[in-house]
Amino acid sequence: MSDDILLHMKNIVIDGFSDESWHEIIKGVDLTLKRGEVLGLIGESGAGKSTLGLAAMGYGRPGIRLTAGEIWFDGQDLMTASEADKQSLRGARIAYVAQSAAAAFNPAHRLIDQTIEATLSHGVKTSAEAAEDAKSLYAAMDLPDPENIGFRYPHQVSGGQLQRAMTAMAMSARPDLIIFDEPTTALDVTTQVNVLAAMREAVDRFNTAAIYITHDLAVVAQMADRIKVLRYGEEVEEAETQEMLSNPKHPYTKSLWAVRSIEKPAETSDDYVLEIKNVTAAYGSVPVLHDVSIAVPRGKTLAVVGESGSGKSTTARVITGLLPPTEGDVLFNGAPLPAALKGRSKDQLQRIQMIYQMADTAMNPRHTVRETIGRPVEFYLGLRGSAVDQRVSELLAMIELDDSFLDRLPGELSGGQKQRVCIARALAAEPEVIICDEVTSALDQVVQEGILKLLMKLQRDLGVTYIFITHDIATVQAISDEIVVMWMGKVVEQGIKDEIMQPPYPEYTELLLSSVPTMDPGWLKGAAAARKAMSIAEETGKA
Amino acid sequence: MHPILTTVLQRLALGLLTLFFVSVIIFSSIEFLPGDFTQAVLGQTATEETVAAFRRELGLDQPAIVRYFDWIGALAQGDLGTSFSGRASSGVDRSRPVVDLVGPRLENTLFLASMTAIVAVPLALTLGILAALYRGSIFDRMVNAVTLTTIAMPEFLVAYILILLLASLNPIFPSLANITEDTPFWERVYRCALPSMTLTLVIVAHMMRMTRAAIINLLASPYIEMARLKGLSPRKVILTHALPNAWAPIANVVAFNLAYLVVGVVVVEVVFVYPGVGQLMVDAVTTRDIPVVQACALIFAGTYIVLNLIADIISIVTNPRLLHPR
Ligand SMILES: Nc1ncnc2c1ncn2[C@@H]1O[C@H](COP(=O)(O)OP(=O)(O)O)[C@@H](O)[C@H]1O
Ligand SMILES: [Mg+2]
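Residues numbered from 1 in each chain as written. Chains lettered and ligands numbered in written order. Predicted model: local features only at pLDDT ≥ 70, side-chain atom pairs only at ≥ 80, totals over all residues. Heavy atoms only, no water.

Participant: Where do I start with the overall build of chain A in this structure?
Facilitator: Looking only at helices and strands, one finds 22 helices and 20 strands in chain A. A globule of 543 residues ought to have a C-alpha radius of gyration of about 24 Å, and chain A, at 26 Å, matches this closely. Structurally, chain A occupies a C-alpha span of about 70 × 65 × 45 Å along its principal axes. Split into buried and exposed, the 543 residues of chain A put 54% on the buried side. Residue pairs in contact within chain A that sit at least 24 positions apart in sequence constitute 69% of those at least 6 positions apart. Surface accessibility of chain A: about 22700 Å² in total, with carbon and sulfur atoms responsible for 51%. On chain A, the mean spot of the 52 positive side-chain charges and the mean spot of the 74 negative ones are 3 Å from each other. (Helix = DSSP H or I, 4+ residues; strand = E, 2+ residues; numbered from the N terminus. Rg over C-alpha atoms; globule rule 2.2 N^0.38 Å. Buried < 20%, exposed > 50% of the residue type's maximum accessible area, 1.4 Å probe, protein only. Contact = heavy atoms within 4.5 Å. Areas by Shrake-Rupley, 256 points an atom, 1.4 Å probe, with all protein chains shown as cover. Lys, Arg positive; Asp, Glu negative; His and termini not counted. Charge placed at Lys NZ, Arg CZ, Asp CG, Glu CD.)

Structure below.
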C-alpha cells in the first residue's frame, strides 16, 4: 500500500521574506499523493498554493525558505537532498506547468527545442526519439499541424496553443508527477475547455500523478480526484472531489461556493435610460464595433458578456465619450449625447460614471480615501467644507466602511476595500448609470460575493442602473436582469436573463455558455466531446 | 523586404535626421555665444574698418542662414572648413584646415578610448554577470561597495589619487600623458596608463552596475525559473536561456559607456595634459574658433548617434519577434 504513495509532504513550514523580515507563509501542511492520482489544490490568491506546489519539487523562489518538514518523493527526501539530486529529478520525474505559458517559454528558442530540452539533458531519450515523441505529444494535445508546429517560436502561436505545448513539454520525459499551477487562468473560457480536456486526457493516458492548482472550483471539479482547500498557508479541509462538492464541511469552503449561490429574479422594463443605436467604432483604422445596438433598462442591471477582445470595453468607451463612434448615436434619456467627451456638459458627465477592473490603477496612490471620494462631491455637487466631510461619511457608510478609513491611502486597503472606495467615488456624483468594467475579475471569490451583494443593495436603495461588463458567466447569473452577448464587435443577442440562459441559443452563445465549467465532475468529458463533434461537423460542412 | 531590414533602415534614417537636428542646434548655440573671433583676436583697439575687413575674410558678414548652409554644404562633401586662427590679416595666411587640427586629436582620443575599452568592457561585463549570478554573496557586496565608492568620487579626484599613488609615491607611470604624432606605440601605451586607468575605474563601476541590473532583471523572468525547474544546470540556464536575451540590454550599456569614453573625457585630458579632442574643443571655444568648435561638437554628437544606432541594431537583430515574424 505505502509503495503506492508517490509524494508525501510532512508538516511543511515555509517562510517568505517581505517587509524586511521572514514570515511563515506555509504553516505546517501535509500532503500525500498516490501514483496516477490528481490532487486539486484550491484557495484564494496568496493562500500559498504556488509556494506549496513548487516545494513539491524541492524548489523555493528567491525570497522563499523551506524551513521545516519532509518532502518524500519516491523514497528520497527533497528537503535534505543535494542540489544535484534535485536537478536530476526536475524535468525528468517531476515537471512543472506554469500559469502564463507566454512568459514561461523562452522567446529566443523554438518550441520543439524547449519541449525536449529537459529530456535530452537528463539523457532520457536520444534527440531523434525525443523529437518524434514531441510531435506525437503535440498531436495528443490537439495542436494543429503537430509535425511542424514545434519549429515555431513562442510568439508565433496563440496563448491556448502555448499552454498545450507546455503540457507536452512537461510530458516529454514521462514524469511521475506534474505540478499544474493555474495553467488555464490566463485563457478565455472557450479556449479553456479544450486545453483542460487535453490535459486531463494526457494525464490519464500516461497515468501521471498531478497537483492541479487553481482558484476556480468548477475547473478543479473537472481535473481532480481529490481536493485540498488552502487558506492563509493552512489546510482548511480535504476530501474526495464528489464529497467535497456535495458536502463541503468548513464554513470557508462553503463560502467559496458563495457567488454561485446569489440568485436574483430578473426584472426588466421598457423605460430605457440609455440607448446605443447602430454604433460603429474603430481604433485608428482598425474597426472594433460593427453596428452595435443596445438598450439599457432604467434601474436594472444589464450584463455585457463575451470573450476578451469582443468589444465590451470599447462599447463602454463609446458610452462615456472616450472613443467617439464613427457612426451611430448614444441616446441618454431619449436625447443624443455629444459623441466626444469634450462636447459633454458637466451634468451629462455626472449622470454616467464608471468603475474599473483594476482599482489599484484607478486610484491616485497619494490621495487618501477622503480626498478620493471628496473630489467628485465638490466637483459635481458643489459642496464645500464640512458638508463635503459629511457626504463622504455617508458614502462610506453606504459601502459598509466606517470613518476610520477616511485618512487611509490606497496602499493601506485590501483589494476589496479599494474596489468599494471606487464604488463610493462613482456614487459621489449621484449618477443614473454606472458602468462596471470587470469590477470583480481581479478579486477572490468571497470578496467578489461581498462586492456583488453591495452593488445589488445600492441598486435597490438608489435605483441606479448598471451596465455590467464581464466575461464570467457565474457573475452574470448572479446579478443581471438583461444580458447582451457580444462576439467580434457585434451583438449576438440581447434579452432578459432567463431567456438568454435558456435554449435555444444562437450558435456563439451556445459555445460560450457550454464552455463555462460547471461543478458537475462529468461536465468536461461531455463538453469536450460536443465541441469535437461540432468542429468535425463544421469541417465536413465546409468540405 | 525582411522586416528587420526595414527596421534597421528606419533607424538609420532616424539617425541621419537626428544628426541634422543636432547640426542646427550646434550652429545656433554657437551663434548665441557672446563675443566673436575678430574681437578676440584684434582686441578692443582695432578700428572698425579692420574688424569689418577681417569679418569679411572669415565670411562672418553673411547672414546666419547662408553661413549654416555653406557649412552643411561643405560638410556633406567631407569638408570641415578652415580654422579661423592663423589668418590674422598679417598678409601671410597660416591658417590650417580643420581636418588637420582635429584629425590627430581624434586619433589620440580614439586611442585612449580603445585602450580603455579593451580592458574595461570585458572586465565590467564579467564582474556584472558574476555579481548578478551570485547576488547577495560576499563577492557581490564587495564589488558593489567598491563601485559605489568610485562612482561617488569625481573623476579628477580619482585621477589625482592615481597620480599620487602610481606616479609620485611609487614612480611607475608618468603623470603627464603628453604624446606627439611620432611617439611610438608602446611608449604611447605607457604614457596613457594613468588616464586609461582613471577612465577604467570610472566606467567599469558604471557599466558593471548596469550589467548587473540588466541580468538580474532577466534572471527574474518566468522562463528562467522554468529552465531551472526543468533541471538544467546553472551553466546551461545562463548560456542557453539568459544570454540570448541579454544582448540587447548589454549592448545598450556598452554603447552608453563607449560614447562616454569619447565625449566625456575632457576632465581627464586636462589633468593629464593629454592632447585629445576634448581639450581642442575647450581651447577653440575660448578663442571663438568656430569651425573647430563645430567640428568637435559634431564629432561628439555623431559618436553618440552611431554607438546608439549600433546598440539599437543589435537589439533588433537579436529580437526573435523581429527575426521570425509571424
Ligand atoms: N518569492 C517570494 N518572496 C516572499 N514572499 C513570497 C514570495 N512568493 C510568494 N510570497 C508570499 O507568500 C504568500 C503565498 O504566495 P503564493 O504561494 O504565490 O500564493 P498563491 O499561489 O496561492 O496565490 C503570499 O503572501 C506572498 O506574498
Ligand atoms: Mg499562484
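Participant: Can you walk me through the pairing of strand 7 (residues 177-181) of chain A in this structure?
Facilitator: Along any regular strand the residues' side chains alternate between the sheet's two faces. Residues and elements named next belong to chain A. In terms of burial, strand 7 is largely enclosed, as five of its five residues are buried. Neither face of strand 7 is open: one carries Leu 177, Ile 179 and Asp 181, the other Ile 178 and Phe 180, and all of them are buried. Here four bridges tie strand 6 (residues 94-97) to strand 7, and the two strands are oriented parallel to one another. Counterpart to Ile 94 in the pairing with strand 7 is Leu 177. Inspection of the sheet shows strand 7 paired to strand 8 (residues 209-214) by five bridges, in the parallel sense. Following the sheet pairing, Asp 181 is matched in strand 8 by Ile 213. Regarding the hand of the β-α-β motif, the stretch spanning strand 7, helix 7 (residues 189-205) and strand 8 is right-handed. (Pairing = 2+ DSSP bridges. Right-handed = clockwise from strand over helix to strand, strands pointing away.)

Participant: Which parts of the structure should I look at to understand the site of ligand 1?
Facilitator: All names here are of chain A. Surrounding ligand 1, one finds 15 residues, the nearest of these being Gly 46, Lys 49, Ser 50, Thr 51 and Pro 62. Between ligand 1 and Ala 47, the relevant distance is 3.2 Å, taken from an oxygen atom to a main-chain nitrogen or oxygen of the residue. Within the backbone of Gly 48, a nitrogen or oxygen atom sits 3.0 Å from an oxygen atom of ligand 1. When contributions to the shell around ligand 1 are tallied by element, the ones reaching two or more residues are strand 1 (5-18) and helix 1 (49-55). For the shell around ligand 1, the leading source of residues is helix 1, giving three residues. Looking at side-chain class alone, the shell around ligand 1 contains five nonpolar, seven polar and three charged residues. (Near = heavy atom within 4 Å. Polar contact = N/O pair within 3.5 Å; in protein donor to acceptor, adjacent residues only side chain to side chain. Nonpolar A, V, L, I, M, F, W, Y, C, P; charged D, E, K, R; others polar.)

Participant: Honestly, the nonpolar core in this entry has me stumped. Any pointers?
Facilitator: For soluble globular proteins, the rule of thumb is that nonpolar side chains tend to be buried together. Residue and element names in this part refer to chain A. One finds Leu 7, Leu 177 and Ile 211 to be the most contacted residues of the largest nonpolar core, which totals 92 residues. Counting residues per element, this core draws most heavily on helix 7, which supplies eight residues. Each residue touching Leu 177, except ones within four places of it in the same chain, is listed here: Leu 6, Leu 7, Leu 33, Phe 73, Arg 93, Ile 94, Ala 95, Thr 208, Ala 209, Ala 210 and Ile 211. (Core = buried A, V, L, I, M, F, W, Y, C linked by side-chain atoms within 4.5 Å.)

Participant: When you look at the pairing of strand 11 (residues 272-283) of chain A in this model, what are you seeing that I'm missing?
Facilitator: All names here are of chain A. As paired strands, strand 11 and strand 12 (residues 286-297) are joined by eight bridges and run antiparallel to one another. Counted as the bridge partner of Leu 274 is Val 296 from strand 12. As consecutive antiparallel partners, strand 11 and strand 12 are separated by two residues, and within that stretch Gly 284 has a phi angle of approximately 60 degrees, a positive value. As defined by bridge partners, strand 11 adjoins strand 14 (residues 327-332) across five bridges and the pair is classed as antiparallel. Residue Thr 280 lies in a different strand from strand 14, and its bridge partner there is Glu 327.

Participant: Hey, could you run me through unusual backbone geometry in this one?
Facilitator: Leave glycine aside and you will find that most residues have negative phi; peptide bonds, for their part, are mostly trans. Even without being a glycine, A:Tyr232 presents a positive backbone phi close to 45 degrees. Backbone geometry at A:Glu430 places phi at a positive 50 degrees, although glycine is not the residue there.

Participant: Teacher, can you tell me more about the interface of chain B and chain A here?
Facilitator: Interfaces are frequently sized by the accessible area removed from exposure as the parts join. Each side of the interface is counted separately: chain B has 21 residues, and chain A has 28 residues. Together chain B and chain A conceal approximately 2300 Å² of surface at their shared face, both sides included; 56% is due to carbon and sulfur atoms. On the chain B side of the interface with chain A, the three residues burying the most area are B:Met226, B:Leu229 and B:Lys230, jointly 29% of the side's total. The interface formed by chain B and chain A includes two salt bridges. (Buried area = accessible area lost by both parts, 1.4 Å probe. Salt bridge = Lys/Arg side-chain N within 4 Å of Asp/Glu carboxyl O.)

Participant: Would you mind going over the sheet that holds strand 15 (residues 335-336) of chain A with me for this structure?
Facilitator: Sheet strands pair via backbone hydrogen bonds, and the direction of the pair is either parallel or antiparallel. Residues and elements named next belong to chain A. The antiparallel open sheet is built from four strands, whose spatial order is 12-11-14-15. With one partner strand each, in any of the chains shown, strand 12 and strand 15 form the two edges of the open sheet. As paired strands, strand 14 and strand 15 are joined by two bridges and run antiparallel to one another. Bridging from a neighbouring strand, Leu 331 pairs with Pro 336 of strand 15.

Participant: Where do I start with the domain arrangement of chain B in this structure?
Facilitator: Residue and element names in this part refer to chain B. Along its sequence, chain B is organised into domain 1 (1-96 + 287-326) and domain 2 (108-286). For domain 1 and domain 2, the distance between their C-alpha centroids amounts to 29 Å. Across the contact, 15 residues belong to domain 1 and 18 residues belong to domain 2. Here domain 1 and domain 2 share an interface that buries about 1700 Å² over both sides, 76% of which is from carbon and sulfur atoms. (Domains from an automatic or database assignment.)

Participant: Can you help me understand empty space enclosed by the protein in this one?
Facilitator: If a probe as big as a water molecule is rolled over the atoms, it shows which places are left empty. Enumeration over the complete set of coordinates arrives at five cavities of 30 Å³ or more. By volume, the largest cavity amounts to about 60 Å³. Along the walls of the largest cavity sit A:Gly91, A:Ala95, A:Tyr96, A:Ala118, A:Met169, A:Ala170, B:Met226, B:Leu229 and B:Lys230, which together make up its complete lining. Residue assignment for the lining of the largest cavity shows that the elements contributing at least two residues are strand 6 and helix 6 (159-171) of chain A together with helix 10 (222-229) of chain B. By residue class, the composition of the lining of the largest cavity is seven nonpolar, one polar and one charged. (1 Å grid on protein atoms, 1.4 Å probe; cavity = no way out; pocket = protein on both sides within 12 Å on 5 of 7 lines; lining within 4 Å. Points joined across faces, edges and corners; volume = space filled by probe spheres on them.)

Participant: How should the packing of aromatic side chains be read in this particular structure?
Facilitator: Describing an aromatic ring pair means giving the distance of the ring centres and the angle of the ring planes. On inspection of all chains with the given rule, the structure shows twelve aromatic pairs over all chains. Here A:Phe379 and A:Tyr380 contribute two aromatic rings whose centre-to-centre distance is 4.8 Å and whose plane-to-plane angle is 75 degrees, an arrangement assigned as edge-to-face. Taking the centre distance of 5.6 Å and the plane angle of 55 degrees together, the rings of B:Phe20 and B:Phe21 count as tilted. Look at B:Phe21 and you get partly exposed, because its relative accessible area is 48%. An aromatic cluster is built from B:Phe27, B:Tyr68, B:Phe69 and B:Trp71, whose rings are joined through pairwise contacts. (Phe/Tyr/Trp six-rings, centres within 6.5 Å; stacked < 30°, edge-to-face > 60°.)

Participant: Quick question: what am I supposed to make of the packing of helix 6 (residues 138-152) of chain B against helix 9 (residues 193-219) of chain B here?
Facilitator: Geometrically, a packed helix pair is captured by the angle between its two axes and the distance between the axes. Residues and elements named next belong to chain B. At a minimum axis separation of 9 Å, helix 6 and helix 9 run at an interaxial angle of 130 degrees. As the angle between them shows, helix 6 and helix 9 are arranged oblique. In the crossing of helix 6 with helix 9, the sense of the turn from one axis to the other is left-handed. Residues Asp 140, Val 143, Asn 144, Thr 147, Leu 148, Thr 150 and Ile 151 of helix 6 form the contact with helix 9, whose participating residues are Leu 201, Ala 205, His 206, Met 208, Arg 209 and Arg 212. (Axes fitted to C-alpha atoms, helices over the stretch in contact; angles between N-to-C directions. Parallel < 35°, antiparallel > 145°, perpendicular 65-115°, else oblique. Left-handed = near helix turned anticlockwise from the far one by under 90°.)

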